[in-house]
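Results of the structural survey
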Amino acid sequence: MQNGTQIPESGKCESAKYEYKKTSYAELCEVLQSLRKDEIFCDVKLETDDKKIIFAHKVVLASACPFFHAMFTNFAEKNYDLVTMRQLNSTCLQLLVNFIYSGKIVITEKNVQDLLSAANLLQLQEVKDACCDFLETQLCSTNCIGINKIADLHSCMKLLTNSELYIRQHFSEVVDGEEFLSLSSEEVIKLISSDKLIVPTEEKVYECVIRWVKHELGTRKCILPQLMEHVRLSLASKHYVLKKVVEEPLIKNCLECNHYVFEALNFHILKSEELIPQNTRNKPRHGDQVILVVGGRFEPELYEYTEWYDPKMDRWRYGPELIISRGKAGLATVKDNLVFAVGGVENFDNSLRSVEVLDLSSELPCWKPTVEMLNERQYLGVGVINDYLYAIGGCHDGDIHNSAEVFNYKTQEWRMVSSMATGRSGLGVGVLNDLLYVVGGYNHSSMDGLDTVECYHPNFDMWTPVANMCVRRRGAGVGVLDGVLYAVGGQDGSNTLSSVETYRPSKGVWTSISDMHFPRNDAGVVALNGLLYVVGGSVGTSSLNSVECYSPHTNTWTMVTMPMNNARTSVGVVAINRPRLFNTC
């Protein structure tokens, strides 16, 4: 072995191996397909109901298809060279066999239903999923009900869920189509009873019921009372009920239906939910919520403008104007339909005791004055527990409050409650598990901001300390989403913060999460549809009109495509049911 290459010692002792992997099986598939087409080595013929014959190899079919695997290993067909395929047409079976050999299939509007049925039978999940994906792209108001039924028939759960969502989101267009008229009474009831139905007005629900009944009047007339039970007639305007519902012959001649008409009119006459028994017919649908933005400032202006954001349409619209321009106010909802704008500042130096209320259940919602607070407050925090409205902290004429007061909607009275341990202005408030959490802020001893947090227990009228935040925050936005308290942005004295931290009572500590795209001070924060929205705010002297939202599932922030119509800081935001009609007044 002289003059030869020296083998390392380790190479002599260790067992060596080299694994080669073919880069592609495309050539093999092409050969198998060619053999099948030339009927070479084929050991099975598949015969369809129309007597067409498709040649194949059992081993190839069994390797790719659970249906054929079971057939050729466990059943008598393993010994047959001719197998009859019932319930399948030759065109579909040919496409599916080609897919097994090539991994390719073309799905069209004409063949998708037959392919889905055949793929479901043969347990070809990939093709079934591809058919569902194709049908989902084809969803429109004229075919979504039919696609929903196909999904139900073949247990396509993702397509079933998405088609149901599409029907609810495009209800107005769907019920004007022909497919809607073919629904059974049970299917109509399921649709119109949904809290998540997205409908511009309840009048549309009533009109679709009447249309459906009249389509087959003889057999459907008797079902009308069952349908009217799920029409939220109290949410239709009084004028509409009197002009369109009362005068409808089908309603006139039905004693049970008249009961629902009287109930709706009684709701409008009394105009007080305290006197009306709560039921689904006067409860707003919650499937279509929007974000209401109120007041705020854009130097050197204070805004009386309000606007609201529809996340499904990604569009901002103006709402009814406040009676007076307000900045640094608090905003909260009581009883799902009353929005309170509390305190704040007018003309930048005049702290307010005044409160305005917006009744979203009114035919023409507009802001009206209501009972004033006991103290002037700007930069305050507000929160609602069991329909009691709390106003906490804030400042007036240089004094920083540690006091808190509560408004009883039933008695229309404000009263003082126990004071916080620390005076706070520019604080954030969140309600979690029927407790009030006040977060950060500033006072004369900590102008750079506080990292302390306090919790109010309304049953004991008592404040207790909570774990400190990771950083000081004045002007932080505070929100609650899925049992978690969020402190968003703010200032630590010299810097405007993009950082965010969360608090879970079960853990008792604050934890940092992903930063926002932009630093924000005095931004509005609200939870909606499983996301946390942060609206406006300021950086230095610049107010922002941008909006971003946080997904706790991915721990990521996403910019909302459409900014507000107006840049705003010190803004109030709440989530409300989509208003039936917003007029400026």
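Quick notes on the rules
- Residues numbered from 1 in each chain as written.
- Predicted model: local features only at pLDDT ≥ 70, side-chain atom pairs only at ≥ 80, totals over all residues.
- Heavy atoms only, no water.
- Buried < 20%, exposed > 50% of the residue type's maximum accessible area, 1.4 Å probe, protein only.
- Helix = DSSP H or I, 4+ residues; strand = E, 2+ residues; numbered from the N terminus.
- Pairing = 2+ DSSP bridges.
- UniProt positions renumbered as here; feature names shortened; annotations may be inferred.
- Polar contact = N/O pair within 3.5 Å; in protein donor to acceptor, adjacent residues only side chain to side chain.
- Contact = heavy atoms within 4.5 Å.
- Salt bridge = Lys/Arg side-chain N within 4 Å of Asp/Glu carboxyl O.
- Arc of directions from axis to C-beta.
- Axes fitted to C-alpha atoms, helices over the stretch in contact; angles between N-to-C directions.
- Phe/Tyr/Trp six-rings, centres within 6.5 Å; stacked < 30°, edge-to-face > 60°.
- Lys NZ or Arg CZ within 6 Å of the ring centre and 35° of its normal.
- pLDDT = per-residue confidence, 0-100.

1. A closer look at the pairing of strand S26 (residues 484-488)
Counted residue by residue, S26 has 5 buried out of 5 residues, so it is predominantly covered. Alternating positions in S26 separate into two faces, Val-484, Tyr-486 and Val-488 on one and Leu-485 and Ala-487 on the other, with burial throughout. Taking the residues between adjacent antiparallel strands as the criterion, strand S25 (residues 477-481) and S26 are bridged by 2 residues, where Asp-482 takes a positive phi near 50 degrees. Judged from the 4 bridges that link them, S26 and strand S27 (residues 500-503) form a sheet pairing that is antiparallel. When the sheet's bridge partners are listed, Leu-485 is paired in S27 with Tyr-503.

2. Section: the UniProt feature "domain: BTB" (unreviewed entry) in the chain
As recorded in UniProt, the sites labelled "domain: BTB" (unreviewed entry) are residues 42-109. Each end of residues 42-109 is marked by a C-alpha atom, and these two atoms are 32 Å apart; helix forms 43% of the span and strand 19%.

3. Topic: the side chain of Ser-351
With respect to the element layout, Ser-351 can be found in strand S12 (residues 350-351). Under the relative-accessibility criterion, Ser-351 is labelled buried at 6%. Looking at Ser-351, its side chain comes within polar contact range of the side chain of Gln-378, at 2.7 Å. Side-chain polar atoms of Ser-351 contact the side chain of His-396, separated by 3.4 Å. Leaving out residues up to four positions away in the same chain, Ser-351 has contacts with Gly-344, Val-345, Glu-376, Arg-377, Gln-378, Cys-395, His-396 and Asp-397.

4. Regarding the pattern of salt bridges
Considering all chains together, one arrives at 20 salt bridges under this definition. In this structure, Lys-252 and Glu-247 form a salt bridge, with 3.5 Å as the shortest nitrogen-oxygen distance. Taking the shortest distance from any N to any O, the salt bridge between Glu-548 and Arg-520 comes out at 3.0 Å. Of this pair, Glu-548 sits in strand S33 (residues 547-551) while Arg-520 is found in the loop between strand S28 (510-513) and strand S29 (524-528), placing the two residues 28 residues apart along the sequence. Take Arg-520: its relative accessible area is 1%, and that puts it in the buried class. Ionic contacts of the salt-bridge type, sharing partners, join the residues Asp-133, Glu-136 and Lys-158 into one network.

5. Comments concerning helix H12 (residues 185-192)
Of all the positions in H12, only Ser-185, Val-188, Ile-189, Leu-191 and Ile-192 are classed as buried. Down the axis of H12, the buried set is contained in an arc of 165 degrees. They therefore lie on one face. For H12, the exposed residues set more than 90 degrees away from the buried face come down to Glu-186 and Lys-190. Packed against the buried residues of H12 are helix H9 (157-169), helix H10 (171-174), helix H11 (178-181), helix H13 (202-215) and helix H15 (224-228).

6. Observations regarding the sheet that holds strand S14 (residues 367-370)
In spatial order, the strands read S9-S10-S13-S14; together these 4 strands make up an open sheet with antiparallel pairing. In this open sheet, the two strands that pair with only one neighbour each are strand S9 (330-334) and S14. Going across the sheet, the axis of each strand differs from the next one's by a mean of 30 degrees, ignoring polarity. Two elements, S9 and strand S10 (residues 338-342), share 5 bridges in a ladder whose sense is antiparallel. Residue pairing for S10: Val-334 is matched across the bridge by Leu-338.

7. Here's the deal with the packing of aromatic side chains
Tallied over the entire structure, the rule returns 15 aromatic pairs. Judged by centre distance (5.6 Å) and plane angle (50 degrees), the rings of Tyr-303 and Tyr-305 are tilted. The class for Tyr-305 is partly exposed, based on a relative accessible area of 28%. Grouping aromatic residues by their ring pairs yields a cluster made of Phe-67, Phe-68 and Phe-72. A cation over an aromatic ring shows up here: Arg-36 above the ring of Tyr-101, its NZ or CZ 5.2 Å from the ring centre. Positioned above the aromatic ring of Tyr-442 is the side chain of Arg-474, whose terminal nitrogen or guanidinium carbon lies 3.8 Å from the ring centre.

8. Overview of the confidence of the model for the chain
Confidence in the prediction for the chain averages 90 pLDDT; 93% of positions are at 70 or higher. Residue range residues 1-8 is modelled with pLDDT below 50. Its contacts to residues more than four positions away, or to other chains, number 2 contacts.

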